[in-house]
Amino acid sequence: MNKIEILAPVGSFESLQAAINAGADAIYFGVEQLNMRTRSSAPIVISDIEKVSKTCHDAGIKAYITLNTVMYEHDMNLLQSILAEVKKHNIDAVIASDFAVMQFCQQMQIPLHISTQANVSNIESVQFFSAFADVVVLARELTLKQVENINKEIIRRQIKGPSGNLIKTEIFVHGALCMAVSGKCYLSLHEQNASANRGACVQNCRRSYKVIDAESNEELLIDNEYIMSPKDLCTIHVLDQIIDAGVSVLKIEGRSKGPEYVHITTQCYKEAVESISTNTYIPEKIAVWQTQLDSVYNRGFWEGYYMGRKLGEWTNTPGSIATEKKVFLGKGTKYYPKINIAEFLIETGSISAGDTIMITGNEIGMHKETLSTLIVDGKETEVANKGQKITFPFGIKVGSNDKLYKVVENVNA
């Protein structure tokens, strides 16, 4: 079995710590406007590159930066500024599909991974890109048989990247899918002048639409599905087949998602890979992982095109059907390090003993537990309401920007 890398999405420092806590082998992130999540993720800026690099390398994992948008002439100065920081702070690789980025990386001797936006679907394309990159993210529309054939040909032809090692392949294993081939959609640009290929997608495809025959004025019934909005990708139940196909990097989509999503998805796929390697990948474990994945953001699941399906499965709701949702309660107000006690101010709503809480923060990532004892003003109580401060044992320092949530069942799922 190849050394398998779990690649987690990061759109904030909360998610970065969550990925580390959950066992990610590497993370990918973007900065400024030259990545495909410029609108939807918390801003990580050029000056943060040093912090991202240090945080990852101190934790013993890799950091990749996405520079995978369409690049215009006016982007070149910003691009070169970003690459200078990438080089200076030893970011492990750049993920890109634009030839200008490839050329700059080659000139600056920065490791490069070919993005899925390049739509690499055959061995000849892999051969071409091997002059620039050591890792190729294959097109999402391939079947596992096609993926396996590409990996076998890499070995047979001994196709090596700039490092002198055999090219590695990477595929998406979990998260949102786009109706467009390798994400190259122009619907958002046409409708609202917001280019998806510049990271500004407004997700027009996720809305409901009526289909009307212009001649007969007859409205077509589409089984109440969102016919441009695919269900999310989930491969936890076929992960052994993906690994058997020779894939080296398992990529999770979701840089716009919260730290709880990053933590749960990363942890599940990490555990699954470890189970496969120890021959303990069994239906009972898969069912547990599936339940955990169901609990965080998703639009319903299918396994994509990997198993040979010709058509997608469409969601029947505009948003998430996660079985759980988080309800904001308040923020951290104090931490008592000698006795490991955290204090939070309830800013809205209420909390009761026995509730499940979630705490998120840059140093915490995501932590979820059942609140067995509720203390207000030094006294044990059953319920705390808005305006009250609660304390409870917590082993990680809490800061003023750390958030407290109550986790509840999503009755609309």
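Let us look at the structure shown here.

By size, the foremost hydrophobic cluster in this structure holds 97 residues, and its most contacted members are I27, F29, V94 and L239. Per-element tally for this core: the top contributor is helix α9 (residues 259-277), with 8 residues. Apart from the residues within four sequence positions on either side, V94 is in contact with I65, L67, L83, V86, V101, C105, I110, P111, L112 and H113. In this structure, L329, L374, F392 and V398 belong to the second largest nonpolar core, which totals 18 residues.

Turning to helix α4 (residues 99-108), a few remarks are in order. Three or more residues of α4 are buried, namely V101, M102, F104 and C105. What you see down the axis of α4 is that its buried residues fit within an arc of 165°, all on one side. More than 90 degrees from the buried face of α4, the exposed residues found are F99 and Q107. Its buried side turned inward, α4 meets α3 (76-88), β4 (93-96), β5 (112-114) and α5 (123-129). One side-chain oxygen of the residue at the start of α4 lies 2.8 Å from the amide nitrogen of A100, identifying that residue as D98. Positive backbone phi, approximately 60°, marks Q109, located one or two places after α4.

In this section: the pairing of strand β1 (residues 5-9). Note on strand geometry: in a regular strand, side chains alternate between the two faces of the sheet. Where burial is concerned, most of β1 is hidden: 5 out of the 5 residues are buried. Burial of the side chains of β1 extends over both faces: E5, L7 and P9 are buried on one face and I6 and A8 on the other. Across 3 bridges, β1 lies against strand β11 (residues 249-252) in parallel orientation. Pairing of L7 across the sheet is with K251, part of β11. Between the parallel pair β1 and strand β2 (residues 26-29), the chain is carried across by helix α1 (residues 13-22), and the sense of this crossover is right-handed.

Conventions adopted
Residues numbered from 1 in each chain as written. Predicted model: local features only at pLDDT ≥ 70, side-chain atom pairs only at ≥ 80, totals over all residues. Heavy atoms only, no water. Core = buried A, V, L, I, M, F, W, Y, C linked by side-chain atoms within 4.5 Å. Buried < 20%, exposed > 50% of the residue type's maximum accessible area, 1.4 Å probe, protein only. Helix = DSSP H or I, 4+ residues; strand = E, 2+ residues; numbered from the N terminus. Contact = heavy atoms within 4.5 Å. Arc of directions from axis to C-beta. Polar contact = N/O pair within 3.5 Å; in protein donor to acceptor, adjacent residues only side chain to side chain. Pairing = 2+ DSSP bridges. Right-handed = clockwise from strand over helix to strand, strands pointing away.

All quantities given are derived from atomic positions and should not be read as evidence of function.
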